[in-house]
Each structure stands twice: as C-alpha cells, then as structure tokens.
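Structural overview for review
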Amino acid sequence: MIGERRSAILSLIIDSYIKTGEPIGSKTIAELLPYRISSATIRNEMAYLSELGFLEQTHTSSGRIPSKASYRYYVNNLLKPVYLTDFEKETIYEYLSVNASDPERLLHDAAKLLADVTNCASFYCTVKDDLDCIQGVDIIPSGNNKAMLVMLTVGGKIKSSVCRLSCPIDNNFKSAFYKTMACFFIGTPLTDVNLSLIQSTVPFLGDFAFDMLPVLTSLSALCKEASESSLVVEGNTNLLLQEDLGNDVYKILSFLSSKKQLTDFLTKYAKLGRETELLIGDENYHYELKNTTTILAKYNYNNSQIATLGIIGSTRMDYATVLPRAEYIMKTVKEFLQKGGVTFE
C-alpha cells in the first residue's frame, strides 16, 4: 500500500485521465482534493509515485499520466465500482434469456451485448470436441418439397439447414428417415458422419436411398460444422474510437482478424486458464495486446463442452463502469449454460 494521501492523488490522476485522456498537473490536483495541500507537496508525492512506476510524464513540463502498472493497483485497491441498477440487470437477463437453450447463440448474444455495453471489442470461441455425438435429428416439412433438418448434439449444439427433396415428405418418408437416424446416426460421433457412412445406409433404405440423399448430405454438412471450433468477434470498430491506442489499434485488429491465432489463444486459455481473468497491459499473453486490457471468462458445460467469452479494450477503459457490467453478463451466461438446454424426444 502507498498510503492514504498518495492513494488519493493517484486515484484522482487515473480518474481524470480515464475521463479526459489528458495529463493532470499538481495545481489541478490541489483544487480537486477534499483537503488543503500545497502544490509542492503534491509534486513530491507525484515524483514518488513516478519512482514506483505508477506515473509517467509525456513531456518535461507536462503533468502526469497513469502507467499500465498503475491501473492494476487502481483496480485492486482504489476502484469504486458503479454497480448495475435493477433495471440494467433485468434488461441483461431478458436479452440473454432469448437463446439461453442454445449455447452458441447464447454466447453470440453475450458477445454482442458486451460490445454494446463496454464499447470494447468482444468475442467468443467454442473449443472443438472430437467426442461430441448426435443426440437427435428432426425433419420438419416446410412445403414445396422442402424440409428443415434440425440436429442436436450431446454437447448442446443445435444446427439446422433447409434441403430440397424430390419426393413428398409423407408418413412413409418420415418413418424411413427416423429409422435411419436411429440405426446409423444417433449416438455417432460428429467426426464419423461422412460419405462412407452415408453409403452404408443404401441397402437399409432400399427404394428411399435416392430420395433420402439430400437429407443425409445436409446432415453430414451440419455435423462437420458442429464438430469445428466456432469463433465470433464483435465490436471491432469500437477500438477505432479509443484514441489512446494510437497506431497500435491496427495490430490489435489484425490479431482479432487472424482466426487461427485468436482461436489457438482462446482454446489454450479455455483449457489452462482461470475461470475469469483480468489482464492489464503487459500482463497480456500476446505482444499485440500489451497496450490493452482484456477480460476473459471460460465455461465448462454439457459435460465436455468448453468455451471462452471476453472483451478487449484500451487500458484507459472506464473500469468502474465496465468491470461490473462485464462480470454480470459473464456470470449470467454461466448460469444459463449450467441450466442446460433442449432435448429431442
């Protein structure tokens, strides 16, 4: 700890810089403090804080600005959170509840909400699960020989597509479809649903083999999609409005647009990282993020499914407002994921 007076001075400097982005001098600090203290004494305290690495001076005659290290001290010791109102909590809960039974849509909604609420870039990533299997498949006629195919995996992923058939979807067709699903596909790992498996159904289907082909082809495509990691980034343009990022914004945007690099990073974090983590400045794992603040949360749900949700913004973010809201959104997502989703009878 650095003492009450130095803490008050540091807090004023950081709060002012977060609001204005401008250095602050000793005279201004003297006017803002709730008690009388000379500018000379304040300058001495600021010099001490600079020696500790908490303050930086952009020019010889200018005031001080916070260092990246000071934000960590600020968050841990000085922060006065602006807590959510009951209305904010209810709005967030209702927004996320819409797709609460579909983990990927829930995570996507959460990423959109985080970008809007925090004015940062946000993202979610689900980790590839080679053991995930088909739990259920349904076919829903939609007229004009079209049908919607809906697949649910054991891991809670819901995928759907519309396919066109060359025959009517009558009771005989649906009976053949559900028998085929039960005999060949239910319980099968997603990665095992391929052309070879589809070909093995031909003797079983008999006269329905040709008519069923579009459905089985669509199912194979859904399985391939569900078996891969998914990555979504929202709110990239928010970073362009954060002036203190300067030219670093382009390398940050490049990092976020590199699907493999970002997926590898988030997958590793999902497997090895803490449940939630706040990384400020040099605490970040990647060079491209050394001038950012990153908030990460990982989730384990439906037995073997893993996902990461997070935001990236400037180290000058409004921690008092952003942290409570990001934490509440991430906590609400966790509650919904733990409740589970839908099942096919």
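Our structure is the block above this text.
Overview of the structure. Keep in mind it's a predicted model, so treat the numbers as computed, not measured.

A few words now on the overall build of the chain. Of regular secondary structure, the chain possesses 14 helices and ten strands. By the compact-globule yardstick of 20 Å for 345 residues, the chain is too spread out, its C-alpha radius of gyration being 27 Å. For the chain, the C-alpha atoms occupy an extent of roughly 95 × 40 × 35 Å along the three principal directions. Buried positions account for 50% of the 345 residues belonging to the chain. Here the analysis covers contacts within the chain between residues at least 6 apart in sequence; of these, 62% occur between residues at least 24 apart. By element, 51% of the accessible surface of the chain is carried by carbon and sulfur atoms, the whole surface being about 17200 Å². Taking the 34 positively charged and 39 negatively charged side chains of the chain as two groups, their mean positions are separated by 4 Å.

Time to look at helix 6 (residues 103-118). For helix 6, with 16 residues, the first-to-last C-alpha span of 22 Å sits near the 22 Å given by 1.5 Å per residue. Following helix 6 by one or two positions, Asn-119 has its phi on the positive side, about 60°.

The topology assignment puts Thr-308 in strand 10 (residues 305-314). Look at Thr-308 and you get buried, because its relative accessible area is 0%. Of note is the side chain of Thr-308, whose polar atom sits 3.2 Å from the backbone oxygen of Leu-266. With residues near it in sequence (within four places) discarded, Thr-308 still touches Phe-123, Tyr-124, Cys-125, Leu-266, Tyr-269, Ala-270, Leu-296, Ala-297 and Lys-298.

This part is about the packing of helix 5 (residues 86-97) against helix 14 (residues 319-339). Contact geometry of helix 5 with helix 14 gives a least axis separation of 10 Å together with a crossing angle of 40°. Looking at the two axes, helix 5 sits oblique to helix 14. The two elements helix 5 and helix 14 meet at a crossing, and its hand is right-handed. Residues Glu-88, Lys-89, Ile-92, Tyr-93, Leu-96 and Ser-97 of helix 5 form the contact with helix 14, whose participating residues are Arg-325, Tyr-328, Ile-329, Thr-332, Val-333, Phe-336 and Lys-339. A breakdown of the residues in the contact of helix 5 with helix 14 according to their chemical character gives seven nonpolar, two polar and four charged.

Time to look at the pairing of strand 6 (residues 158-164). Here strand 6 shows a clear split, with Lys-159, Ser-161 and Cys-163 buried on one side and none of Ile-158, Ser-160, Val-162 and Arg-164 buried on the other. As paired elements, strand 5 (residues 146-153) and strand 6 share seven bridges and run antiparallel to each other. For Lys-146, the partnering residue across the bridge sits in strand 6 and is Arg-164.

About the thresholds
- Within each chain, residue numbers correspond to sequence positions counted from 1 in written order.
- Per-residue local features of the predicted model are confined to residues with pLDDT of at least 70, and side-chain atom pairs are confined, for both listing and counting, to 80 or more; whole-chain, interface and lining totals are unaffected and use all residues.
- Each side-chain value is worked out from all heavy atoms of the structure, with water and hydrogens disregarded.
- Labels follow the DSSP assignment, with helices taken as runs of H or I lasting at least four residues and strands as runs of E lasting at least two, numbered in each case from the N terminus.
- Radius of gyration: over C-alpha atoms. The globule rule applied is 2.2 Å multiplied by the number of residues raised to the 0.38 power.
- Whether a residue is buried, partly exposed or exposed follows from its accessible area with a 1.4 Å probe, protein chains only, as a fraction of its type maximum: under 20%, in between, or over 50%, in that order.
- Residues count as neighbours in contact if any of their non-hydrogen atoms are within 4.5 Å of one another.
- Exposure was quantified through the Shrake-Rupley algorithm and a 1.4 Å probe, taking into account, for residues, occlusion by the shown protein chains and nothing else.
- Asp and Glu count as negative and Lys and Arg as positive, but His and the ends of the chain are not part of the count.
- Where a charge lies is defined by one atom per residue type: Lys uses NZ, Arg uses CZ, Asp uses CG and Glu uses CD.
- By this rule, a helix spans an expected 1.5 Å times one less than how many residues it contains.
- What qualifies as a polar contact is a pair of N or O atoms within 3.5 Å, subject to a donor-acceptor requirement within protein and to the restriction that residues adjacent in sequence count only when both atoms come from side chains.
- Helix axes are fitted only over the stretch in contact, all axes being lines through C-alpha atoms; the angle between N-to-C directions runs from 0 to 180 degrees.
- Working definition: roughly parallel below 35 degrees, roughly antiparallel above 145 degrees, roughly perpendicular at 65 to 115 degrees, and oblique for all remaining angles.
- Working rule for handedness: look at the near helix, and if it is turned counterclockwise from the far one by less than a right angle, call the crossing left-handed; if clockwise, right-handed.
- Under the scheme applied, nonpolar residues are Ala, Val, Leu, Ile, Met, Phe, Trp, Tyr, Cys and Pro; charged residues are Asp, Glu, Lys and Arg; polar residues are all the others, including Gly.
- Only strands that DSSP links by at least two bridges are regarded as paired with each other.

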